[in-house]
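Structure at a glance
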Amino acid sequence: MNKRAMQSNLMLLLTALIWGVAFVAQSVGMDYVEPFTFNASRNFLAALVLLPVIRLLDRAAVRRGEVNPCPEKVHGGKQLILGGFLCGLLLTASSGFQQVGIQYTTVGKAGFVTAIYIIIVPLLGIFIGKKVHLNVWVSVALAAVGLYLLCMTESLSLGRGDLPVLGCAFCFSLHILVVDTISPHVDGVRMSWLQFLVCGILSGILALLFEEPTLSGIIAAWQPILYAGGLSSAVGYTLQIVAQKNTNPVIASLLMSLESVFSALAGWVLLHQALSLRELVGCVIMFFAINMPQMPPRQKNEVPGKNL
């Protein structure tokens, strides 16, 4: 593994840690505001935080002499706009599903169900010409067993918060693939800023349509919003976009899926949310399932970068 890939993987590991703890902030935030209000607030804050960062990076580029007479060639132009809009749209859907679901389940459980994107990503890769190895199919079966133990009740029904969190996992899988496709060709920080702006606007519209947002509620939730917006969004999602330029999307999803471990630990330490024995067994099975796709295939003469 080269130095650039190692740096990218470390950034994704840091992203997983930030996101894992963010489940606690998201859960606590629901005590004061409703889901779309929370998401609109955190994303507008994230966009605001990135503005001076973009300014500083531009100044640093000028000092290094990296000035181009055609800014669209540097920052991405139409691809940047398309990528920012698609990521913002998918982020609105994934964070909306997650925020709704987390009201009705524990932080640890939400983290593990969200992590199913490690399975969805390679499966979706089939539709863009990626080969899926046998260990991925085995991991799908294991993940199904783990999800059953984690989510299904004795009456063979999903918990109230589980289906929305599964919706979050699917939308975030699409988000990972869009980032993988577009981020190598655009300015990652600008793309991240644009996705926050789009997500903030869309979440704000949904909040006005379906909720009753109040300034007092937002002020009361300032601490979880500050963490979710300033760290989870502004830092976490930006690190994801920047790091994915040099990392295979499946490896990226594996590293980010460790948020499930961090979320369970954070929920246990900070909110004293314990999982039942049945749910713990489901988590263990899912942990093995989401790691199996990274087992090296026993094939010779494989072309690097063509398979998942």
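Residues numbered from 1 in each chain as written. Predicted model: local features only at pLDDT ≥ 70, side-chain atom pairs only at ≥ 80, totals over all residues. Heavy atoms only, no water.

Counting its secondary structure elements, the protein contains 14 helices and zero strands. For the protein, the sequential pattern of α-helices and β-strands runs α-α-α-α-α-α-α-α-α-α-α-α-α-α. Taken over 308 residues, the protein has a buried fraction of 52%. If you take every contact in the protein between residues at least 6 apart in sequence, the share linking residues at least 24 apart comes to 91%. Taken as a whole, the protein presents about 14800 Å² of accessible surface, with 69% of it coming from carbon and sulfur. (Helix = DSSP H or I, 4+ residues; strand = E, 2+ residues; numbered from the N terminus. Buried < 20%, exposed > 50% of the residue type's maximum accessible area, 1.4 Å probe, protein only. Contact = heavy atoms within 4.5 Å. Areas by Shrake-Rupley, 256 points an atom, 1.4 Å probe, with all protein chains shown as cover.)

Moving on, we come to the packing of helix α5 (residues 107-114) against helix α8 (residues 162-182). Interhelical geometry of α5 versus α8 gives an angle of 40 degrees and a closest axis separation of 8 Å. Comparing the axis directions of α5 and α8 gives the class oblique. As α5 packs across α8, the resulting crossing turns out to be right-handed. Side by side, α5 and α8 meet where K109, A110, V113 and T114 of the first sit next to D162, V165, L166, C168 and A169 of the second. Split by residue class, the contact of α5 with α8 holds six nonpolar, one polar and two charged. (Axes fitted to C-alpha atoms, helices over the stretch in contact; angles between N-to-C directions. Parallel < 35°, antiparallel > 145°, perpendicular 65-115°, else oblique. Left-handed = near helix turned anticlockwise from the far one by under 90°. Nonpolar A, V, L, I, M, F, W, Y, C, P; charged D, E, K, R; others polar.)

Another aspect to go through is the packing of aromatic side chains. Per the stated rule, a full pass over the model turns up five aromatic pairs. Taken together, a centroid distance of 4.8 Å and an interplanar angle of 45 degrees make the contact between W19 and Y237 tilted. One end of the pair, W19, is in helix α1 (residues 3-29); the other, Y237, is in helix α11 (residues 222-243), and 218 residues separate them in sequence. Comparing W19 with Y237 shows no difference in burial state: the two are buried. (Phe/Tyr/Trp six-rings, centres within 6.5 Å; stacked < 30°, edge-to-face > 60°.)

This part takes up the state of the cysteines. One pass over the structure, following the stated rule, counts zero disulfides. With no disulfide partner, C171 has as its closest neighbouring cysteine sulfur the one in C168, 7.4 Å distant. Taking relative accessible area as the criterion, C171 reaches 10% and is therefore assigned buried. (Disulfide = S-S within 2.5 Å.)

Another aspect to go through is a nonpolar patch on the surface. Together, I126, F127, I128, L134, W137, V138 and L142 line one region of the surface with nonpolar side chains, adding up to about 720 Å² of accessible area. Mapped onto the fold, F127 is located in the loop between α6 (117-125) and α7 (134-151). For F127, a relative accessible area of 70% gives the class exposed. (Patch = residues over 30% accessible without salt bridge, like charges linked within 9 Å, V, L, I, M, F, W, Y side chains within 5 Å. Salt bridge = Lys/Arg side-chain N within 4 Å of Asp/Glu carboxyl O.)

Bringing α5 into the picture now. Each full turn of the α-helix corresponds to 3.6 residues, which orients residues three or four apart in the same direction. Within α5, eight of the eight residues are buried, which leaves it mostly tucked inside the rest of the structure. All of the buried residues in α5 are V107, G108, K109, A110, G111, F112, V113 and T114.

What follows covers the side chain of T37. Locating T37 in the fold gives a position in helix α2 (residues 35-63). Setting aside chain neighbours within four positions, we find T37 in contact with A207, E211, P213 and I218.

The next point concerns the environment of H133. Tracing the chain through its elements places H133 in the loop between α6 and α7. Sequence spacing of H133 and P122 is eleven residues, and the spatial spacing of their C-alpha atoms is 9.2 Å.

Another aspect to go through is the nonpolar core. Generally speaking, soluble globular proteins have nonpolar side chains that are buried together. Grouped together as the largest cluster of nonpolar side chains are 36 residues, with contacts concentrated most on I116, F172, F196 and M256. In terms of residue count, the dominant contributor to this core is α6 (six residues). Not counting chain neighbours up to four residues away, the residues in contact with F172 comprise W19, S94, Y117, Y237, Q240 and M256. If you look at the next biggest cluster of nonpolar residues, it comprises twelve residues, including M30, V33, I102 and A110. (Core = buried A, V, L, I, M, F, W, Y, C linked by side-chain atoms within 4.5 Å.)

An ideal rise of 1.5 Å per residue puts 39 Å on 27 residues; α1 measures up with 38 Å between its terminal C-alpha atoms. Along its length, α1 shows its largest kink, about 25 degrees, at A22. (Expected span 1.5 Å × (residues − 1). Bend = angle between axes of the 7 residues up to and from the residue.)

Glancing now at the environment of V165. Relative to the helices and strands, V165 resides in helix α8. Taking the C-alpha atoms as reference points, V165 and T105, 60 residues apart in sequence, are found 9.4 Å from one another. Residues contacting V165, with those up to four places away along its chain left out, are F97, G101, I102, A110, V113 and T114.

Looking now at the pattern of salt bridges. One pass over the full model with this rule turns up two salt bridges. Across the salt bridge formed by R190 and D58, the nearest N and O atoms sit 2.6 Å from each other. Within this pair, whereas R190 is found in helix α9 (residues 188-210), its partner D58 is found in helix α2, the two being separated by 132 residues in sequence. Linked through salt bridges whose partners overlap, the residues forming this network are D58, D187 and R190.

Low-pLDDT portions of the prediction should not be read for the details of their coordinates. Considering every residue of the protein, the mean pLDDT works out to 83; 86% of them sit at 70 or more. Overall, residues 300-307 carries pLDDT values under 50, and its contacts beyond four positions in sequence, including any with other chains, amount to ten contacts. (pLDDT = per-residue confidence, 0-100.)

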